[in-house]
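Now for the letters of each chain:
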Amino acid sequence: MKLYFSPYTRAGRARWMLEEVEAKYELVKFSFATGDHKKPEYLAIHPHGVVPALEDGDLHLFESSAIVMHLADAFPDKKLAPALGSHARAHYYKWMVYVPATVDPVLETLTMHTRLLPEDKRNPALAADADKKLKTIGAVLEASIGHKKFIVGDSFTGADVILGSAAGWLGFLGKLGDYPNLAAYHKAMSERPAYKRAYAD
Ligand SMILES: N[C@@H](CCC(=O)N[C@@H](CS)C(=O)NCC(=O)O)C(=O)O
């Protein structure tokens, strides 16, 4: 397998899952400053020129949640997806979609407009709106994880990769202190050997 990757991005989710399933993979690392991720060679793999993208034989796949779900299915012995048709499986789908569809855009807006963009390009109104939306999202996540070890069922699944990485992003934004349950969950996730390998460099 080949993972198109850049550090401190959502490609970390795919790499963490590759480590969880103990897949053999090659890492193709982009440094965004070079612009290589917008060149035709990579646009043929990911039409938006963003990471992650995964090559698994003749399968080319993008979207971090899709990659995590595919890897869970490709390594069934690792039991990283709940049984098909179970309520746990339905909740697993929910988190796989809720994070990229509802959480990530808010975290992305906050990241861009409080940290990454040059100060004269930041829009305080957009940041304030994202901060407001984050209050609801944070409350949902905090109540959903509660004192549980895993977000779905009683064992680790791909949904923990997706939620755990979103919790890490909240930490990067300095927001995890507002959510003690989520902070404890993220700390436990970050102690997993696969997480440590994925985020080592
Ligand atoms: N929904 C996509 C988001 C992918 C995405 O936007 N990746 C960002 C990094 S987190 C990226 O590659 N940005 C580079 C760019 O926009 O040029 C996923 O979850 O895979």
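### Some remarks on the overall build of the chain
Scanning the chain for helices and strands turns up eight helices and four strands. Starting at the N terminus, the α and β elements of the chain follow one another as β-α-β-α-β-β-α-α-α-α-α-α. For the chain, whose C-alpha radius of gyration is 17 Å, the value lies close to the compact-globule estimate of 17 Å for 201 residues. The C-alpha extent of the chain, read off along each of the three principal axes, is 50 × 45 × 30 Å.

### Describing the pattern of salt bridges
Applying the stated rule across the entire model yields 13 salt bridges. Notably, a salt bridge pairs Arg-192 with Glu-20, separated by 2.8 Å at the nearest N-O pair. In this pair, Arg-192 sits in the loop between helix H7 (180–190) and helix H8 (193–198) while Glu-20 sits in helix H1 (residues 11–20), placing the two residues 172 residues apart along the sequence. Taking the relative accessible area as the measure of exposure, Arg-192 reaches 23% and is therefore partly exposed. In this structure, the salt-bridge partner of Asp-129 is Lys-133, at a minimum N-O distance of 3.0 Å. In this pair, Asp-129 and Lys-133 both sit in helix H5 (residues 124–145), four residues apart, roughly one turn of the helix. Connected via shared salt-bridge partners are Arg-10, Arg-13, Asp-104 and Glu-108.

### Focus: the environment of Arg-197
Mapping Arg-197 onto the fold places it in helix H8. We classify Arg-197 as partly exposed; its relative accessible area is 40%. Here the alpha-carbon distance between Arg-197 and Trp-16, two residues 181 residues apart in the chain, equals 7.6 Å. At a separation of 2.6 Å, a polar atom in the side chain of Arg-197 contacts the side chain of Glu-19.

Thresholds, definitions, all that
Position numbers for residues start from 1 in each chain and track the written sequence from start to end. Residue-level local features of this predicted model are given only where pLDDT is at least 70; pairs of side-chain atoms are given and counted only at 80 or more, and the full residue set underlies all totals for whole chains, interfaces and linings. The side-chain figures draw on all heavy atoms in the structure; neither hydrogens nor water molecules are used. Strands are runs of DSSP state E lasting at least two residues, helices are runs of H or I lasting at least four, and both sets are numbered from the N terminus onward. Using C-alpha atoms as the atom set, the radius of gyration is obtained and then compared with a globule rule of 2.2 Å times the number of residues to the power 0.38. Between Lys or Arg on one side and Asp or Glu on the other, a salt bridge is scored when a side-chain nitrogen of the former is within 4 Å of a carboxyl oxygen of the latter. Each residue gets one of three labels from its accessible area relative to the maximum for its type: buried under 20%, exposed over 50%, partly exposed in between, using a 1.4 Å probe on protein chains only. In protein, a polar contact requires one atom able to donate a hydrogen and another able to accept it; more generally it is a pair of N or O atoms within 3.5 Å, and residues adjacent in sequence count only if both atoms are side-chain atoms.

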